[in-house]
Amino acid sequence: MTVRVIIAGGGTGGHLFPGVAIAEEWLRRNEENRVLFIGTKRGIEKRVLKDLGFSLKLLNVEGIKGRGMIRSAMALLKLPGSLLQSMRILRSFRPDIVIGVGGYASGPAVVAARLMGIRTAITEQNSIPGLTNRLLGWFVDRIFLSFADGGKWFPAKKTQISGNPIRAAFFGGKPVIEKVSDRFSLLIFGGSQGAHAINSALQAALPFLKPLQGVLSIVHQTGEKDCESMSAAYAAQGFNARVVPFIRDMASAYEAADLLICRAGATSIAEITAMGKAAILIPFPYAIGDHQTENAKVLLKAGAAVMIPEKDLVGTRLADEIKNLHDHPSLLKDIAGRAANMGNIYAASDIVDTCLAMIKK
Ligand SMILES: CC(=O)N[C@H]1[C@@H](OP(=O)(O)OP(=O)(O)OC[C@H]2O[C@@H](n3ccc(=O)[nH]c3=O)[C@H](O)[C@@H]2O)O[C@H](CO)[C@@H](O)[C@@H]1O
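Only a predicted model underlies this, so the values are computations on that prediction, with no experimental measurement involved.

Quick look at helix 13 (residues 329–341)
An α-helix turns once per 3.6 residues; consequently, residues spaced three or four apart project the same way. For helix 13, spanning 13 residues, the distance from its first C-alpha to its last is 18 Å, which sits close to the expected 18 Å at 1.5 Å a residue. Of the positions making up helix 13, those classed as buried are Leu332, Ile335, Ala336 and Ala339. The buried residues of helix 13 occupy an angular sector of 95° when projected down its axis, which confines them to one face. Set apart from the buried face of helix 13 by more than 90 degrees, the exposed residues are Ser330, Lys333 and Asn341. Tucked into the core, helix 13 has its buried residues touching strand 8 (184–189), strand 11 (259–262), helix 10 (266–275), strand 12 (278–281), strand 13 (306–307) and helix 12 (315–327).

Right, dumping it as structure tokens:
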């Protein structure tokens, strides 16, 4: 049986990449299966899907919540148009199922599918869902949860705790970046868009990391804005670092790292645990319901990560945590081992199994 699947949504990597993981799994099952993505032109999907070999259709849709009265009203006015756009795409592609992965484009695409009698599902990566998914929960056939906690926002009989799907490269791929074996390798990144607070803290930490200068190997993803200034800061302090706005091959970057310094987005957490990596987590404190702190605490309680709340993020503290983990290899290894115990690499496979059963019914 061949299946035609639409993956709708994205915007940030935390929503899009679980969708990519599900798409990969459909194609792994049967290379005749067809997958189409629906997103927006401003989302990360526009920049990354083509290189991954996936087709993308764009909707003219924006976020409604938290954007001021006028912009919210304008976004609302665009909704009927994006619903019609979605229906045209669905009529032409004829999917067996539409899976919303969160983000603006998932709303109209999933509602259009529902109106047209096509099977629907959503994935919720966080323990506290965003507005689009909360509303879609009432319409869809199935809700796949990364965290059991997310369930309390949705009708219970539709939910399935599947875990957060991660791409195959994170657990079976061959690393292309060689690890520099005699160095202590840091991978610093701030979610899919970079994090100014982490970049600033690193700059402030560099003078205190001087004792490790000859030992550190650093890869730092800054986002677009801070790339130049961060490069200059490393050069000025005499550190050798590879500084980039975005990393395309994250699986290899994780693989080569001894220690990660990053936010605590749900998809980053799923990847860290699947790869069994030690991390210093610095949750983004303004995410809905402070859900990144909740994500980080799950690891913290299991001794599977170190956490620095952003309010405590100063150069000395960050440098001390890095030095401590460098100086105590057994501690680093224990943290990585406990993280590995929490990894779930079967989420995409479980989601595709359930979707197949829904389609066959
Ligand atoms: C600020 C905010 O609200 N962020 C949310 C957003 O985060 P964000 O989009 O940052 O998502 P995550 O941290 O969960 O995931 C980042 C994803 O981007 C990839 N990546 C990252 C950097 C890079 O250079 N290259 C790259 O490919 C990572 O491998 C990962 O797959 O979505 C997540 C999942 O809904 C939420 O939990 C986060 O709270």
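Remarks on the environment of Val243
Checked against the element boundaries, Val243 lands in strand 10 (residues 241–244). Along the sequence, Val243 and Leu76 sit 167 residues apart, while their C-alpha atoms lie 39 Å from each other. Setting aside residues up to four positions removed in sequence, Val243 forms contacts with His220, Thr222, Cys227, Met230, Ser231 and Tyr234.

Digging into the nonpolar core
The biggest cluster of nonpolar side chains holds 34 residues, and the ones touching the most others in it are Leu186, Tyr234, Ile261, Ile280, Leu318 and Ile322. Listing elements by their share of this core, those giving two or more residues are strand 8, helix 7 (196–205), strand 9 (216–221), helix 8 (227–236), strand 11, strand 12, helix 12 and helix 13. Aside from chain neighbours lying at most four places away, what touches Tyr234 is Ile188, Leu202, Leu206, Ile218, His220, Phe239, Ala241 and Val243. Core analysis: the next-biggest nonpolar cluster, separate from the first, contains 27 residues, Leu187, Met275, Ala296 and Ala339 among them.

Observations concerning the side chain of Asn199
Residue placement: Asn199 occurs in helix 7. Take Asn199: its relative accessible area is 2%, and that puts it in the buried class. Ignoring sequence-local partners within four residues, the contact set of Asn199 consists of His220, Gln221, Thr222, Asp226 and Met230.

Describing the domain arrangement of the protein
Segmentation of the protein into domains returns domain 1 (4–166 + 345–360) and domain 2 (171–341). Averaged C-alpha coordinates put domain 1 and domain 2 at centres separated by 29 Å. The partner domain 2 presents 15 residues to the 19 residues of domain 1 that form the contact. Across the domain 1 to domain 2 interface the summed buried area is about 1,500 Å²; carbon plus sulfur atoms make up 66%. Here domain 1 is connected to domain 2 by 1 salt bridge. Counting every contact that joins domain 1 to domain 2 gives 6 residue pairs in polar contact (both at pLDDT 80 or more). Per-element accounting of the side of domain 1 that touches domain 2 gives the leading share, 4 residues, to helix 1 (residues 13–29). Of the residues that constitute the side of domain 1 that touches domain 2, the class distribution is 8 nonpolar, 8 polar and 3 charged.

So, how was this worked out
- Residues numbered from 1 in each chain as written.
- Predicted model: local features only at pLDDT ≥ 70, side-chain atom pairs only at ≥ 80, totals over all residues.
- Heavy atoms only, no water.
- Helix = DSSP H or I, 4+ residues; strand = E, 2+ residues; numbered from the N terminus.
- Expected span 1.5 Å × (residues − 1).
- Buried < 20%, exposed > 50% of the residue type's maximum accessible area, 1.4 Å probe, protein only.
- Arc of directions from axis to C-beta.
- Contact = heavy atoms within 4.5 Å.
- Core = buried A, V, L, I, M, F, W, Y, C linked by side-chain atoms within 4.5 Å.
- Domains from an automatic or database assignment.
- Buried area = accessible area lost by both parts, 1.4 Å probe.
- Salt bridge = Lys/Arg side-chain N within 4 Å of Asp/Glu carboxyl O.
- Polar contact = N/O pair within 3.5 Å; in protein donor to acceptor, adjacent residues only side chain to side chain.
- Nonpolar A, V, L, I, M, F, W, Y, C, P; charged D, E, K, R; others polar.

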